[in-house]
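# Chain and residue survey
Chain by chain, the residues run as shown.
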Amino acid sequence: MTTSVKVNFEGTTGEMLSGLLDVPEGPVRGWGVFSHGFTLGKDSPAAARICKGLAAAGVGMLRFDNVGLGGSGGEWSQGSFSHKVADTVRATEFMRSEGKTISLLVGHSFGGAAVLAAARDIPELHAVATVGAPFSPKHVEHVFDSAMDKILSEGSAEVDLGGKRVEIRRHFVEDLQNADLSDCIRTLHKPLMVLHSPTDNTVGIENASTIFQTARHPRSFVSLEGSDHLLTGKGQAARVAKIISAWAGQYLGD
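These numbers come from a predicted model, not from an experiment.

### Overview of the UniProt feature "domain: Serine aminopeptidase S33" (unreviewed entry) in the protein
Here the UniProt feature "domain: Serine aminopeptidase S33" (unreviewed entry) sits at residues 31-152. Along residues 31-152 the backbone is 35% helical and 19% strand, and the end-to-end C-alpha distance reaches 41 Å.

Below, the structure is given as structure tokens:
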């Protein structure tokens, strides 16, 4: 059993970000922060089920909406990959201020890239896990590729992302193109677990291979056989939570 507690903290754009803290009802083995996918939010199936699964195993997790999503303030178009990374760090600072030192970062999809970049700025961090993460943040450009010329020439364009209309601005694209995770991964100096489905049609398995090959030990790879990218299938996200919990156990706490 777990309890979900609503929290809010100020993001790096100055907007208040909405979060949920999934708290174990039994002994707490450690605390973590979860970074969600591109425009998915803290209540997406992957975010909710992984965090609740980890909390049920004794790992308290903070999941939060990035700017302009879910219950968070501001407009999504204000943000960028760099903002997502910085707000992940800000989330760990909030947890620290609440007396809950972060041992674990977990990121799904675009959020997986974010936690790889954020890890170097979280001194108390002990371990990082990515799920279906791209090696390069600019991988997400394919979802708005048809609008790229308009974004670059006119400064912004509205695109349809999975039935959701969002504005993408030039600064977002330029920030993506300048992002390079190679050095972040190579100098991570933290245990890393890379989880990825070999049949992921959104972020190909080659991304996991490159992340794993770029990282140094201790590193682990888990093939999520039969899972889809969003982990919407029955039991898929719960299985991810169990795997991460078992692996991270040795790194939790002080």
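### Describing the pairing of strand S2 (residues 16-24)
Burial runs high along S2: seven of the nine residues are buried. Judged from the nine bridges that link them, strand S1 (residues 2-10) and S2 form a sheet pairing that is antiparallel. Residue Thr2 lies in a different strand from S2, and its bridge partner there is Pro24. Between S1 and S2, which pair antiparallel one after the other, the connecting turn spans five residues, and Gly14 there sits at a positive phi close to 95 degrees. Bridging between S2 and strand S4 (residues 59-64) involves four bridges; their strand directions are antiparallel. Its bridge partner lying in S4, Leu21 is registered against Leu62.

### Some points on the packing of helix H2 (residues 81-97) against helix H3 (residues 110-118)
Contact geometry for H2 and H3: axes closest at 9 Å, N-to-C directions at 65 degrees. For the element pair H2 and H3, the recorded crossing hand is right-handed. The residues of H3 that touch H2, namely those facing Phe81, Lys84, Val85, Thr88 and Val89, are Phe110, Gly111, Ala113, Ala114, Val115, Ala117 and Ala118. A class-by-class count of the residues in the contact of H2 with H3 yields nine nonpolar, two polar and one charged.

### Let's talk about the packing of helix H1 (residues 45-56) against helix H8 (residues 236-248)
At a minimum axis separation of 8 Å, H1 and H8 run at an interaxial angle of 45 degrees. When the axis of H1 is compared with that of H8, the two are oblique. Read as a crossing pair, H1 and H8 show a hand that is right-handed. Residue-level contacts link Pro45, Ala46, Arg49, Ile50, Gly53 and Leu54 of H1 to Ala237, Val240, Ala241, Ile244 and Ser245 of H8.

### A word on empty space enclosed by the protein
The full count for this structure, using the stated rule, is two cavities of 30 Å³ or more. Looking at the largest cavity, its volume works out to about 100 Å³. What lines the largest cavity is simply Phe38, Asn66, Val67, Trp76, Gly79, Ser80, Phe81, His83, Lys84, Asp87, Phe110 and Phe172. Looking at the lining of the largest cavity, the element that brings in the most residues is H2, giving four residues. For the lining of the largest cavity, a count of residues per class yields six nonpolar, four polar and two charged. Of the pockets and cavities examined, the second largest cavity occupies roughly 40 Å³.

Reading guide: rules and limits
Residues numbered from 1 in each chain as written. Predicted model: local features only at pLDDT ≥ 70, side-chain atom pairs only at ≥ 80, totals over all residues. Heavy atoms only, no water. UniProt positions renumbered as here; feature names shortened; annotations may be inferred. Helix = DSSP H or I, 4+ residues; strand = E, 2+ residues; numbered from the N terminus. Buried < 20%, exposed > 50% of the residue type's maximum accessible area, 1.4 Å probe, protein only. Pairing = 2+ DSSP bridges. Axes fitted to C-alpha atoms, helices over the stretch in contact; angles between N-to-C directions. Left-handed = near helix turned anticlockwise from the far one by under 90°. Contact = heavy atoms within 4.5 Å. Nonpolar A, V, L, I, M, F, W, Y, C, P; charged D, E, K, R; others polar. Parallel < 35°, antiparallel > 145°, perpendicular 65-115°, else oblique. 1 Å grid on protein atoms, 1.4 Å probe; cavity = no way out; pocket = protein on both sides within 12 Å on 5 of 7 lines; lining within 4 Å. Points joined across faces, edges and corners; volume = space filled by probe spheres on them.

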